[in-house]
Amino acid sequence: MIVVKDVSYTYMTGTPFEKIALKKISFDVAQGEVLAIAGHTGSGKSTLIQIIAGLIKLQSGSIEIDGLSVDDKKIRRLVGIVFQYPEHQLFEETVESDIAFAPKNFGLSEAEVSARVDEAMRQVGLDESLKKVSPFELSGGQRRRAAIAGILALKPKYLILDEPTAGLDPPAKEHLLKEIFGAIKISGVTIILVSHNMEDIARFANRVVVLAQGEIIFIGTPRELFAEEKILARAGLEPPPVTQLLRTLKLNESALTLDEAERILTTNH
Ligand SMILES: Nc1ncnc2c1ncn2[C@@H]1O[C@H](COP(=O)(O)OP(=O)(O)OP(=O)(O)O)[C@@H](O)[C@H]1O
Ligand SMILES: [Mg+2]
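The rules behind each value
Residues numbered from 1 in each chain as written. Chains lettered and ligands numbered in written order. Predicted model: local features only at pLDDT ≥ 70, side-chain atom pairs only at ≥ 80, totals over all residues. Heavy atoms only, no water. Helix = DSSP H or I, 4+ residues; strand = E, 2+ residues; numbered from the N terminus. Rg over C-alpha atoms; globule rule 2.2 N^0.38 Å. Buried < 20%, exposed > 50% of the residue type's maximum accessible area, 1.4 Å probe, protein only. Areas by Shrake-Rupley, 256 points an atom, 1.4 Å probe, with all protein chains shown as cover. Lys, Arg positive; Asp, Glu negative; His and termini not counted. Charge placed at Lys NZ, Arg CZ, Asp CG, Glu CD. Near = heavy atom within 4 Å. Polar contact = N/O pair within 3.5 Å; in protein donor to acceptor, adjacent residues only side chain to side chain. Patch = residues over 30% accessible without salt bridge, like charges linked within 9 Å, V, L, I, M, F, W, Y side chains within 5 Å. Salt bridge = Lys/Arg side-chain N within 4 Å of Asp/Glu carboxyl O. Phe/Tyr/Trp six-rings, centres within 6.5 Å; stacked < 30°, edge-to-face > 60°. Domains from an automatic or database assignment. Buried area = accessible area lost by both parts, 1.4 Å probe. Pairing = 2+ DSSP bridges. Axes fitted to C-alpha atoms, helices over the stretch in contact; angles between N-to-C directions. Contact = heavy atoms within 4.5 Å.

**Observations concerning the overall build of the protein**
The helix and strand tally for the protein stands at 10 helices and 10 strands. Here the protein has a C-alpha radius of gyration of 20 Å; the compact-globule value for 269 residues is 18 Å, and the two agree. Viewed in the frame of its principal axes, the protein has a C-alpha envelope of about 60 × 55 × 35 Å. Across the 269 residues that make up the protein, the buried fraction comes to 49%. Taken as a whole, the protein presents about 13400 Å² of accessible surface, with 52% of it coming from carbon and sulfur. Computed over 31 positive and 36 negative side-chain charges, the inter-centroid distance for the protein is 4 Å.

**With respect to the site of ligand 1**
Taken together, 14 residues lie near ligand 1, and Lys-19, Gly-42, Lys-45, Ser-46 and Thr-47 sit nearest. One of the backbone N or O atoms of Gly-42 is found 2.8 Å from an oxygen atom in ligand 1. In the model, an oxygen atom of ligand 1 is placed 3.2 Å from a nitrogen or oxygen of the Ser-43 main chain. Compared with its free state, where it exposes 630 Å², ligand 1 has 66% of that area covered by protein. Broken down by element, the residue count for the shell around ligand 1 peaks at 3 residues, all from helix H1 (residues 45–52).

**Remarks on a nonpolar patch on the surface**
A grouping of Leu-245, Leu-249 and Leu-265 is seen on the molecular surface, where their side chains present a nonpolar patch of about 240 Å² in accessible area. Tracing the backbone through its elements, the reader meets Leu-249 in the loop between helix H9 (241–248) and helix H10 (258–268). Exposure remark for Leu-249: the relative accessible area of 45% places this residue in the partly exposed category.

**Let's talk about the packing of aromatic side chains**
Scanning the entire structure with this criterion turns up 2 aromatic pairs. With a centroid separation of 5.0 Å and 75 degrees between ring planes, the pair formed by Tyr-9 and Tyr-11 is classed as edge-to-face. The class of Tyr-11 is partly exposed, set by a relative accessible area of 30%. Seen from their ring centres, Phe-91 and Phe-101 are 5.1 Å apart, and the 80 degrees between their planes marks the pair as edge-to-face. Taken together, the residues Phe-91 in the loop between strand S6 (79–82) and helix H2 (95–105) and Phe-101 in helix H2 connect sequence positions 10 residues apart. A relative accessible area of 35% places Phe-101 in the partly exposed class.

**A closer look at the domain arrangement of the protein**
A common way to express how large an interface is: the accessible area buried when the components associate. Taken domain by domain, the protein consists of domain 1 (2–237) and domain 2 (239–269). Each of domain 1 and domain 2 has a C-alpha centre, and the two are 30 Å apart. Between domain 1 and domain 2, the buried area comes to about 760 Å², and carbon and sulfur atoms account for 65% of it. Sorting the residues of domain 1 by area buried against domain 2 places Glu-199, Arg-223 and Phe-226 first, and these three jointly supply 60% of that buried surface. Counting across the interface, domain 1 meets domain 2 through 1 salt bridge.

**Focus on the pairing of strand S9 (residues 207–212)**
A large share of S9 lies buried, amounting to 5 of its 6 residues. In this structure, strand S3 (residues 34–39) lies alongside S9, joined through 5 bridges in parallel fashion. Its bridge partner being in S9, Gly-39 is matched across the sheet by Leu-211. The pairing of S9 with strand S10 (residues 215–220) spans 5 bridges and is classified as antiparallel. Looking at S10, one finds that Leu-211 is bridged to Ile-216. Between S9 and the antiparallel strand that follows it, S10, lie 2 residues; Gln-213 among them carries a positive phi value of about 45 degrees.

**Some words on unusual backbone geometry**
Not every positive phi belongs to a glycine, and Lys-24 is a case in point at roughly 45 degrees. Mapping Lys-24 onto the fold places it in strand S2 (residues 19–29). In this structure, Tyr-85 takes a positive phi of about 50 degrees despite not being glycine. For Tyr-85, the location among the structural elements is in the loop between S6 and H2.

**Structural notes on the sheet that holds S3**
Taken in spatial order, the 6 strands make up an open sheet running S6-S7-S8-S3-S9-S10, and their pairing is mixed. Single-partner strands in this sheet number two, and they are S6 and S10. Taking each pair of neighbouring strands and ignoring which way they run, the sheet shows an average axis angle of 15 degrees. Taken strand by strand, H1 contacts S3, S6, strand S7 (158–162), strand S8 (190–194) and S9, and its axis lies near 145 degrees from that of S3. Packing against the sheet, helix H4 (residues 140–152) makes contact with S6 and S7, and its axis sits at approximately 170 degrees to S6.

Given below as structure tokens:
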């Protein structure tokens, strides 16, 4: 479990560029949950997840991960973070050595590293035949999956993803999400997903935290969020198109996903 309590953060304190990025942020992430973080550009999402991953030092408040403080180096083994556009960080000669890079640094045996590379490639849906290929020969979607596999190979208990589908075309995006949330959720990994995409949030998240100018303005389920028009407007978010469509049709029920909409429409007509 992750417990975030009263976390505030200011960049460049005491300079003319001082910028308050987070104000008194508190929330929990339960085991096995997919928690989404949404909000305008500059609302503090990336700052928050980097603090949770221990990459930006906590200034005030506290974060506990399985009872350990985020300042404790041991949390590095628990939390894996995939940055926005992670494929920019692929640098090894082959896909295999790239995915193996971090687990090797953890001092795992060669056999263990190799087993983890295979498993991570399976989890993200990359074919074995791509192991010896240079990451630069892969398609954009494949590169993204290779980068994510490199984090999965660490077997994090908590996985943080910053806009994992940004910039991918719709089929690559769909494939990636299905692989990630299909395979990984089964393994019980807890996920924090930063996303602007309300459809993705509707399909995969159990709860959503909405940030606006560094403050939490909403915590609840996607369904609860999509009923809060003022909050959505303030955060610059829109419900998924299917939710809006059913609302326009003035049906009494609300749908968050295509499957739900289909069920409602076929039983009503
Ligand atoms: N290294 C930095 N130095 C100074 N200010 C920063 C730095 N990083 C972020 N900020 C500022 O802190 C605020 C929060 O930024 P952050 O990157 O966390 O937002 P975000 O919600 O992730 O935005 P986006 O949706 O664009 O990724 C913004 O006003 C941003 O300009
Ligand atoms: Mg960001």
